[in-house]
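Letter by letter, the chains look like this.
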Amino acid sequence: MGQFSPDFSALKLVRIAVFLAIACPVMSCKRVEWPSDVAVFYPDSDTFTDATERWSIYEAPTFDSAVRPASEQEVAKIVKIAKSSNIPFLATGGRHGYGTSLGLLENGLAIDLSKFKTLNIDTATETVTIGPGVKIKELIGPVLAAGFEMPVGSCPEVGVIGATVGAGVGLFQGLFGLMIDALISVRMITADGDIVEASASTNPDLFWAIRGAGANFGIITSATYKLTKAVNDGQVFTADMIYPASLRTGYFNVLKTYEDTMPAELAINTAISWNESTNETQIIGTFVYSGPESEARQVLAPFFELNPPVVRASVVPYNEVPSVILFGMVIALNVPGGIHDIFSVNVRRFAVDTLNAAFDKFDVFYKANPEGRGSVGILESFSNQAVAAVANDATAYPWRESKGNFMFQMSWSGLGNPVEEAANNLARELRQEFAATSGYPELSVYVSYAHGDENVEHVYSKDSLPRLVALKKKWDPDNVFRYNNAVPTKYP
């Protein structure tokens, strides 16, 4: 099992391409003759601030102008003008992305898609069509009210389409698959400013690529998803339990037993965090089960039998799950403007020794760096039954056999804080150690959780990259869409 010692050759190609694009003369938006029907906003306006505010400010993109189009024709017009004028740009929905590759965009144009709030449910065809301005919290209520569910992420402020294009892992993936597995078709703007459709029957290669590497191929202005009849009438059992340091080994041993036996209805999230009340490192176990409470308690009995001192349990509708899990803290953690420096690794195995070592290392970090106590290890272990049922080459997402997406979300107050070095050192060390015991031959990373310093093979896989690169050459040969974990235009 190899340690993570990346061959930076492919990564360098991407970085060099981006550098060359940036180093070439870039025109300011103020020097462009914009059509009268395109309103451009600058840093001295409230609209600009609202259109560029991000969840994470760590190594974030910077902008000198912003636009808020209201139609796909306007988006197409903006893309054509920006490309012809060599203005770098980034289109955003929820502005929740945090990979450091986004920071390669400096003084660019923000294309804010928040006006695209279309949400149409067709109960006859069991589909929903949305725009890129729709957030998860705005989707799940109407979907359940119509008698359906679909795979979504657990952060309510994230844009639905933005979460989808990386793959869309989530709490309900054991039953419904990834968000890309529910995607039926899209309308999108290409690098040339053309409006195209992509589906299994129209531009199927492009449809393959956007399901796992979608940020590299265009701006999606509309997406249609298949819906599934609500499971258990849309009622979901949720529980949060706090396990102090003395119970951590017992907890990890129990978690290990679910590695190959997790029911499709179950999702488990393990958070290694600092408890301000007890002044010690703890585990918060969060459990989501799409089924009757009696069944859920039986499935989760080994976790209850550890007798954690704090337990919250309730049955809530599907659309209320994000607001109650993690003791209701998910909403508070979605406030924009914080520092979120995130590293991650996919795993096929839950290595107890590595889990215990991670707990110990977080404990040392917390005690030595009080300003970094907002950092947390998020170990997502969601059932992958419906995910793995889809052929690995059916979409560009290459990690369907993963049983866990483990993130090290480092946080502190204030850019330039000295704790940054210690936080990055810890996160990189943990990423390397989990990669070595992950069950993969080398590091593998879910693109939406990528830090930005990984080798491109570790994000997109050696198997998928040749086809992705060929499609990148076809649809975006000038690498216009290059800031979100870029697919290179040459490989190897």
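Bear in mind the structure is a predicted one, so any value in this text is a computation, not a measurement.

Parameters at a glance
Residues numbered from 1 in each chain as written. Predicted model: local features only at pLDDT ≥ 70, side-chain atom pairs only at ≥ 80, totals over all residues. Heavy atoms only, no water. Helix = DSSP H or I, 4+ residues; strand = E, 2+ residues; numbered from the N terminus. Rg over C-alpha atoms; globule rule 2.2 N^0.38 Å. Buried < 20%, exposed > 50% of the residue type's maximum accessible area, 1.4 Å probe, protein only. Pairing = 2+ DSSP bridges. Contact = heavy atoms within 4.5 Å. Axes fitted to C-alpha atoms, helices over the stretch in contact; angles between N-to-C directions. Phe/Tyr/Trp six-rings, centres within 6.5 Å; stacked < 30°, edge-to-face > 60°. Lys NZ or Arg CZ within 6 Å of the ring centre and 35° of its normal. pLDDT = per-residue confidence, 0-100. Parallel < 35°, antiparallel > 145°, perpendicular 65-115°, else oblique. Nonpolar A, V, L, I, M, F, W, Y, C, P; charged D, E, K, R; others polar. Salt bridge = Lys/Arg side-chain N within 4 Å of Asp/Glu carboxyl O. Arc of directions from axis to C-beta.

In this section: the overall build of the chain. Regarding its fold elements, the chain presents 18 helices and 18 strands. For the chain, whose C-alpha radius of gyration is 22 Å, the value lies close to the compact-globule estimate of 23 Å for 492 residues. For the C-alpha atoms alone, the extent of the chain along its principal axes is close to 65 × 55 × 45 Å. Relative to its 492 residues, the chain shows a buried fraction of 58%.

So, on to the sheet that holds strand β4 (residues 108–112). Spatial ordering of the open sheet is given by β1-β2-β4-β3, a layout of four strands whose pairing is mixed. On the outer flanks of this sheet lie β1 (40–41) and β3 (89–92), each paired with one strand and no other. The strands that helix α3 (residues 72–84) touches are β2 (63–67), β3 and β4; relative to β4, the one it contacts most, it runs at about 170°.

Tallied over the entire structure, the rule returns 18 aromatic pairs. With 5.8 Å between their ring centres and 75° between their planes, tyrosine 251 and phenylalanine 252 make a pair best called edge-to-face. Residue tyrosine 251 is classed as buried on the basis of its relative accessible area of 0%. Using a relative accessible area of 0% as the deciding quantity, one classes phenylalanine 252 as buried. The ring of tyrosine 440 has arginine 348 lying over it, and the distance from NZ or CZ to the ring centre is 4.1 Å. Above the plane of the ring of phenylalanine 217 lies lysine 472, whose end atom (NZ or CZ) is 5.9 Å from the centre.

Okay, the sheet that holds strand β9 (residues 195–199) next. Taken together, the five strands give an open sheet; going across it, the order is β5-β6-β10-β8-β9, and neighbouring strands pair in antiparallel fashion. With partners counted over all chains shown, the strands left at the sheet margins are β5 (119–122) and β9, one partner each. Looking at each pair of strands side by side, their axes are set apart by 15° on average, direction ignored. Strand direction decides the pairing type here: strand β6 (residues 127–130) and strand β10 (residues 219–226), joined by four bridges, are antiparallel. Residue valine 128 lies in a different strand from β10, and its bridge partner there is tyrosine 225. Docked against the sheet, α3 engages β8 (183–189), β9 and β10, running at close to 50° with respect to β8.

In the predicted model, the chain carries a mean pLDDT of 94, and 94% of its residues have values of at least 70. This stretch, residues 1–25, has a pLDDT under 50; its non-local contacts, to residues over four places away or in other chains, come to 46 contacts.

Between helix α14 (residues 352–368) and helix α16 (residues 419–436), whose axes approach to 11 Å, the crossing angle comes to 175°. Taken as axis vectors, α14 and α16 run roughly antiparallel relative to one another. Seen from α14, the contacting residues are Thr354, Leu355, Ala358, Lys361, Phe362 and Phe365; seen from α16, they are Val419, Ala422, Ala423, Leu426, Glu429, Leu430, Glu433 and Phe434. Residue composition of the contact of α14 with α16, grouped by class: ten nonpolar, one polar and three charged.

So, on to the pairing of β4. Within β4, five of the five residues are buried, leaving the element largely enclosed by the surrounding structure. Here β2 runs beside β4; their pairing, made up of four bridges, is parallel. Bridging from a neighbouring strand, alanine 66 pairs with alanine 110 of β4. With four bridges connecting them, β3 and β4 associate as parallel partners. Opposite phenylalanine 89, over in β4, you have leucine 109 as the bridge partner.

Tracing the sequence through the fold places glutamate 72 in helix α3. Residue glutamate 72 is classed as buried on the basis of its relative accessible area, which comes to 13%.

Moving on, we come to the environment of lysine 226. Checked against the element boundaries, lysine 226 lands in strand β10. On the basis of relative accessible area, lysine 226 is assigned to the partly exposed category, the value being 42%. With 15 residues separating them along the chain, lysine 226 and methionine 241 place their C-alpha atoms 34 Å apart. Ignoring sequence-local partners within four residues, the contact set of lysine 226 consists of Glu126, Thr127, Met150, Asp181, Ala182 and Ile184.

Counted by the stated rule, this structure contains 28 salt bridges. Here lysine 256 makes a salt bridge to glutamate 259, at a shortest N to O gap of 2.9 Å. For glutamate 293, the salt bridge identified is with arginine 297, shortest N-O distance 3.0 Å. Note that glutamate 293 and arginine 297 are positioned in helix α10 (residues 293–299) at a spacing of four residues, about one turn of the helix. Using a relative accessible area of 34% as the deciding quantity, one classes arginine 297 as partly exposed. Here the salt bridges share partners, and the residues they tie into one network are Asp50, Arg68, Arg95 and Asp112.

To continue, consider the pairing of β5. It is a general feature of regular strands that their side chains alternate between the two faces of the sheet. Pairing of β5 with β6, which is carried by four bridges, proceeds in the antiparallel orientation. Of the residues in β6, the one forming a bridge with aspartate 122 is threonine 127. Hairpin connection from β5 to β6: four residues lie between these consecutive antiparallel strands, with glutamate 126 at a positive phi of about 55°.

Among the residues of helix α9 (residues 248–257), Arg248, Tyr251, Phe252, Val254 and Leu255 are the ones counted as buried. When α9 is viewed along its axis, its buried side chains cluster within an angular range of 160° and face the same direction. Residues of α9 that are buried sit in contact with β12 (235–244), β13 (266–275), β14 (280–289), α11 (301–304), α14 and β17 (376–382).

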